[in-house]
Amino acid sequence: MMMLSNGNKKYRYRKDLKVLTWGLPPIVTCPGAGECKKICYARAGRMLMSSATKAMARRFEQSKQSDFVPNMVDEIGRRKVNAIRIHDSGDFYNTVYLGKWINIAKQHPDITFFAYTKMVRMFKNLRFELPHNLKIIYSMGGKWDNEIDTVNDCHARVFETSGDMKKAGYRESPDNMPLCFHGKGKREGFKYHGVKKWRNCFATKGGK
């Protein structure tokens, strides 16, 4: 059984770039979650289907196993992928788990790995540099938003409307890949497309 998913339609139907995704159960694997818990897209829609929740739970267990790294390295090599989005749901739940992805990225230096994360403090406290091909984008809406340098750090924020996004000085990526990949800015915006009853949570900010 494959561990990586073809992802949603943003990635699945691209002809120019093969992007696979990896997701974990939301909230339980998100120790940095804050306000984002109120509007988490991974707790709504298709993500609540039995097949999706079972797949995320299975991946969570796989991520804790001693053979996770060699199994993932092997699968990535076989599937001829250009990029991996780590966590279309979930997050880096501890440093041991982060270390596994660092190891995986080092063994595939020609593949880009990227992740949106609320674990700002954990990354800020690292005493070593990440592999050049592992790109981290801080995601606002978590416990440590105040530690994000909104001028110099690549980061993302969710808005209720495109107007709100533009007014705050953020913009969407034109190709669903992080803006900072292309040198097009460090303030990436997403328009909220989740459950309508949660829209009143946008008093200030949300998370991706």
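Residues numbered from 1 in each chain as written. Predicted model: local features only at pLDDT ≥ 70, side-chain atom pairs only at ≥ 80, totals over all residues. Heavy atoms only, no water.

Check the secondary structure of the chain and you find six helices and six strands. Reading the chain from its N end, one meets helices and strands in the order α-β-α-α-β-α-β-α-β-β-α-β. For the chain, with 208 residues in total, the buried portion stands at 48%. Considering only residue pairs separated by 6 or more positions, the chain has 69% of its internal contacts joining residues 24 or more positions apart. Element-wise, carbon and sulfur atoms account for 50% of the exposed surface of the chain, whose accessible area totals about 10800 Å². (Helix = DSSP H or I, 4+ residues; strand = E, 2+ residues; numbered from the N terminus. Buried < 20%, exposed > 50% of the residue type's maximum accessible area, 1.4 Å probe, protein only. Contact = heavy atoms within 4.5 Å. Areas by Shrake-Rupley, 256 points an atom, 1.4 Å probe, with all protein chains shown as cover.)

So, about the confidence of the model for the chain. Predicted coordinates in areas of low pLDDT are best not read in detail. Predicted confidence across the chain gives a mean pLDDT of 86, with 84% of residues reaching 70 or more. Mean pLDDT across the elements of the chain bottoms out in helix 1 (residues 9-12) (69) and peaks in helix 4 (residues 95-107) (98). In the predicted structure, residues 197-207 sits below a pLDDT of 50 and forms 31 contacts with residues beyond four places in sequence or in another chain. (pLDDT = per-residue confidence, 0-100.)

With that out of the way, let us pick up the sheet that holds strand 6 (residues 187-191). As summarised here, the arrangement of the six strands in space is 1-2-3-4-5-6, forming an open sheet in which the pairing is parallel. Each edge of the open sheet is held by one strand with a lone partner, namely strand 1 (19-22) and strand 6. Here the average twist between neighbouring strands, direction ignored, is 25°. Pairing of strand 5 (residues 155-159) with strand 6, which is carried by five bridges, proceeds in the parallel orientation. In the sheet register, His155 faces strand 6, and the bridge partner there is Arg187. (Pairing = 2+ DSSP bridges. Axes fitted to C-alpha atoms, helices over the stretch in contact; angles between N-to-C directions.)

Compared with an ideal rise of 1.5 Å per residue, which puts 13 residues at 18 Å, helix 4 spans 19 Å between its outermost C-alpha atoms and is within 8% of the ideal. Inspection of helix 4 places Tyr97, Leu98, Lys100, Trp101, Ile102, Ile104 and Ala105 among the buried residues, and these make up the whole buried set. For helix 4, the N-terminal cap is Asn94; the gap from its side-chain oxygen to the backbone nitrogen of Val96 is 3.2 Å. (Expected span 1.5 Å × (residues − 1). Polar contact = N/O pair within 3.5 Å; in protein donor to acceptor, adjacent residues only side chain to side chain.)

Should their charged atoms come close, side chains of opposite charge can pair. Tallied over the entire structure, the rule returns five salt bridges. A salt bridge links Glu61 to Lys64, with the nearest nitrogen and oxygen atoms 3.0 Å apart. In this structure, Arg78 engages Asp74 in a salt bridge whose closest nitrogen and oxygen atoms are separated by 2.8 Å. Taken together, the residues span about one helical turn, with Arg78 and Asp74 both in helix 3 (residues 68-79) at a distance of four residues. (Salt bridge = Lys/Arg side-chain N within 4 Å of Asp/Glu carboxyl O.)

The next point concerns the nonpolar core. In this structure, Trp22, Ile84, Phe92, Trp101 and Phe113 are the most contacted members of the largest nonpolar core, which totals 38 residues. Sorting the residues of this core by element identifies strand 1, helix 3, strand 2 (83-86), helix 4, strand 3 (112-117), helix 5 (120-124) and strand 4 (134-139) as the ones contributing at least two each. At six residues, helix 4 tops the list of elements feeding residues into this core. The next biggest cluster of nonpolar side chains, apart from the first, holds 11 residues, and it includes Ala83, Tyr116, Val158 and Met177. (Core = buried A, V, L, I, M, F, W, Y, C linked by side-chain atoms within 4.5 Å.)

On to the pairing of strand 4, then. Burial analysis of strand 4 places five of its six residues in the buried class, which makes it a mostly covered element. Alignment of strand 3 against strand 4, held across five bridges, turns out to be parallel. Its bridge partner being in strand 4, Thr117 is matched across the sheet by Tyr138.

Time to look at the pairing of strand 2. Two faces, one strand: in a regular strand the side chains alternate between the faces of the sheet. Of the two faces of strand 2, both are covered, the one formed by Ala83 and Arg85 as well as the one formed by Ile84 and Ile86. When strand 1 meets strand 2, the two strands line up parallel, connected through four bridges. Bridge assignment links Thr21 to a residue of strand 2, and that residue is Arg85. Sheet analysis places strand 2 next to strand 3, joined by three bridges and oriented parallel. The residue of strand 3 that forms the bridge with Arg85 is Phe114. Between strand 2 and its parallel partner strand 3, the chain crosses via helix 4, and the hand of that crossover is right-handed. (Right-handed = clockwise from strand over helix to strand, strands pointing away.)

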